[in-house]
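Here's the letter readout for the chains.
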Amino acid sequence: MPSNSSGPTYQVVNPATGEVGETFDYVSDADLESTIAAAHEAYASWKDVPIEERAKVVTRIGALFGERADELAAIATEEMGKPLSEAKGEAEFSGEIFDYFATEGPGLAADQPIKMFSGGTAVVQKLPVGPLLGIMPWNYPFYQIARFADPNLMLGNTILLKHAESVPKSALAVEKIMIDAGVPAGAYANVFASHGQIETIISDPRIQGVSLTGSERAGAVVASLAGKNLKKCVLELGGSDPYVILDSDDLDEAAKTAWETRISNTG
């Protein structure tokens, strides 16, 4: 599959007018190689930084999401059309996710003793594995990144982030937050990768895993590539489930909840 000919370029399309604003080229193969190499190199040092020190960086990331919530909201609304109030709420909630893992991460990552039948001692350890690829969807351009990148940065992994082609400015805004917060060079990088380049990334021996939120079709392709290359893989695949109401003492409230959840995030 040619690296730079699969699918549309990354571009901002105003959902209200259909007008194309900024466009962004796919990353070159040479720059992609440099980005993977930088993520691999950064992992060698980032994993050895004490988790309490990584938490300070993650705390700053959360603070910047809050400080830039209005700016982030304007970008998300321009790119994917959700109301400004919801976009700002998403940006602020993303900051809260970073705050949560900065505070709770050291405890969550601590060794977990397990009972041994032989009378010995053993623990379950939660350790970093290396550079990871995240493939994120357009519908929550900040929240989806936060819940993937945050715990992994806390644990000591490094991140390559491939966002949806329709939200490039959101992707760049998050990358800017990471840089300004003090995430080491190479430890977090946005990549405007083509479909062919995604295969290149997953198959690269330096990449240790991939996480995708998207369609079942995309998930099947990524899962196949991950399995072929023996990579860790986490998938959250889309769909619209039925809302089944059993015995309820408040049908009006159930209907209200169904309506609010259906129209949330512009439906």
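Scroll up to find the structure this text is about.
Computed from a predicted structure; not experimentally measured. (Residues numbered from 1 in each chain as written. Predicted model: local features only at pLDDT ≥ 70, side-chain atom pairs only at ≥ 80, totals over all residues. Heavy atoms only, no water.)

Most peptide bonds take the trans configuration, and most residues that are not glycine carry a negative phi. Unlike most non-glycine residues, L230 shows phi in positive territory, near 55 degrees. Mapping L230 onto the fold places it in the loop between helix 8 (216-228) and strand 9 (232-237). (Helix = DSSP H or I, 4+ residues; strand = E, 2+ residues; numbered from the N terminus.)

All right, on to the pairing of strand 9 then. Note that strand 8 (residues 209-214) and strand 9 share six bridges and pair parallel. Among the inter-strand pairings, V210 is bridged to a residue of strand 9, identified as C233. Taking the sense of rotation as the criterion, the β-α-β connection linking strand 8, helix 8 and strand 9 turns out right-handed. (Pairing = 2+ DSSP bridges. Right-handed = clockwise from strand over helix to strand, strands pointing away.)

In this approach, a probe sized like a water molecule rolls over the atoms, and the result shows the empty space that is left. A volume near 810 Å³ is recorded for the largest pocket. Lining the largest pocket are 26 residues; nearest its centre among them are N139, Y140, G239, R262 and G267. Each residue belonging to the lining of the largest pocket can be placed in one class, and the counts come to nine nonpolar, 13 polar and four charged. Within this model, the second largest pocket holds a volume of roughly 550 Å³. Along its surface, the second largest pocket is lined by 21 residues, and K162, H195, I198, L212 and A218 are the ones closest to its centre. Within the residue set of the lining of the second largest pocket, elements represented by two or more residues are helix 7 (195-203), strand 8 and helix 8. The residue inventory of the lining of the second largest pocket, partitioned by class, reads 13 nonpolar, four polar and four charged. (1 Å grid on protein atoms, 1.4 Å probe; cavity = no way out; pocket = protein on both sides within 12 Å on 5 of 7 lines; lining within 4 Å. Points joined across faces, edges and corners; volume = space filled by probe spheres on them. Nonpolar A, V, L, I, M, F, W, Y, C, P; charged D, E, K, R; others polar.)

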